[in-house]
Amino acid sequence: MGITVRYRASRRRWIVTESGERGRYQRTFVTEKEAKQFATKREAELNEAQFNGLMGRQERRTFMEGLLRWVEEYDTNSQGASIRAVARWFDENAPDVLLGHEVLDAARAMQKDMRKRRLSQSTINNRTQVVKRVLSLSYREWDWLDQPLDGKLRKPTPKNERHVYLTAGDIRRLVEAVPEDCPEERRIITLAALTGLRRGELLSLEPGNIQGGRILLRPGQTKSGKARVVPLPEDGAALVANLPFASDPHQLRRAFEAARRAIRRDDLRFHDLRHTYASLLAEAGEVMTTVQALLGHSSLVVTSRYAHMFDSRLDHVAGRLPKLCDQIATTEEGAEGLGGVRH
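Residues numbered from 1 in each chain as written. Predicted model: local features only at pLDDT ≥ 70, side-chain atom pairs only at ≥ 80, totals over all residues. Heavy atoms only, no water.

Asker: How should I be thinking about the side chain of T222 in this particular structure?
Answerer: With respect to the element layout, T222 can be found in the loop between β5 (214-217) and β6 (228-231). By relative accessible area, which is 1% here, T222 ends up buried. Only 3.2 Å separates the side chain of T222 from the backbone oxygen of P219, close enough to count as a polar contact. Here the side chain of T222 touches K226 through a polar contact of 2.8 Å, landing on its backbone oxygen. (Helix = DSSP H or I, 4+ residues; strand = E, 2+ residues; numbered from the N terminus. Buried < 20%, exposed > 50% of the residue type's maximum accessible area, 1.4 Å probe, protein only. Polar contact = N/O pair within 3.5 Å; in protein donor to acceptor, adjacent residues only side chain to side chain.)

Listed below in structure tokens is the structure:
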């Protein structure tokens, strides 16, 4: 047990190995100085953790313990794929990393690894959000951390934004093209276009989520971990009857792909239905803050990807201004009078 520093010539890297009751955890560094500084820091942290334990204070927990507790206490279906991917990465690369700044280092290493594998920025952000959520709960609810750390992880805005929006006619054709033996999937696809819910949010719906003509999503059902309310369309009651949906991601994907092939729109993705919902809201005259709330975006920066949809509203601004032009003197005398004004 302890921490060792050694040079691995085959990789031209310095390796810091931490051994303990939970196994081994390694970090690599380019220089000896960096490796020794990290080793000294970890030894101090471990000594502090041991001291805190001896003094009767709470023992420091690992990231994997936090991840498991989140899954056990919350409905995480909407983030299942990202959670599994993060769990695999930490299990292979940082299985015993303690909650704290060490998790930030590990998460940044995970981001770097994903960029090397050329994963999309959206995928990187989704998995980063899993780490941020565990850190947030560890501080705000479980008292496992004495300071908030989730804000120290960045999620750059994806540069490969899609701008694919369906018209009402496109939606009807897509829904009608869903195979006859997939009635549940037809309901889900229709509901996605009319509510903007994500695939995981739709598949996690239960009878208790429907109240007074609205869909009330619980914190554990959303990507952001925050509750959200989305109104149902007037004729949408039939779409949420007999919840939960008797479908799964595989069946839904199969039905959606069959429908898009039938209407010759192989470019469509299921998530485009969410973008379509945003466009329908803009066409209906809703302001950007309303779209932000209904889509569950953390800030208007995220919603700003739809800013171009609201440009048409600017054309009506001039028409709402007071009529002043006919009250301004346009005679030669009036024009001369303006000449004496100094700026």
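Asker: Is there a simple way to explain unusual backbone geometry in this structure?
Answerer: Note: most peptide bonds trans; most residues except glycine with negative phi. A cis geometry characterises the amide bond from L243 onward to P244, with omega recorded as 0°. Residue placement: P244 occurs in the loop between β6 and α9 (249-262). Positive phi outside glycine occurs at R118, with the angle close to 60°. Tracing the backbone through its elements, the reader meets R118 in the loop between α4 (101-116) and α5 (121-140). The residue R264 is not glycine, and still its phi comes out positive at about 60°. The topology assignment puts R264 in the loop between α9 and α10 (272-283). Residue classification places R264 among the exposed positions, given a relative accessible area of 77%.

Asker: How should I be thinking about α5 in this particular structure?
Answerer: Count 3.6 residues to each turn of an α-helix, and residues three or four apart come out pointing the same way. The first and last C-alpha atoms of α5 sit 27 Å apart over 20 residues, in line with the 28 Å expected at 1.5 Å per residue. The buried fraction of α5 is high, at 15 of 20 residues. (Expected span 1.5 Å × (residues − 1).)

Asker: When you look at the pattern of salt bridges in this model, what are you seeing that I'm missing?
Answerer: Opposite charge on two side chains lets them pair, provided their charged atoms get close. A full pass over the atoms with the stated rule returns 16 salt bridges. Residue R42 pairs with E102 through a salt bridge whose shortest N-O separation is 2.8 Å. With a gap of 60 residues between them, R42 in helix α1 (residues 32-54) and E102 in helix α4 connect regions that are remote in the sequence. For E102, a relative accessible area of 5% puts it in the buried group. (Salt bridge = Lys/Arg side-chain N within 4 Å of Asp/Glu carboxyl O.)

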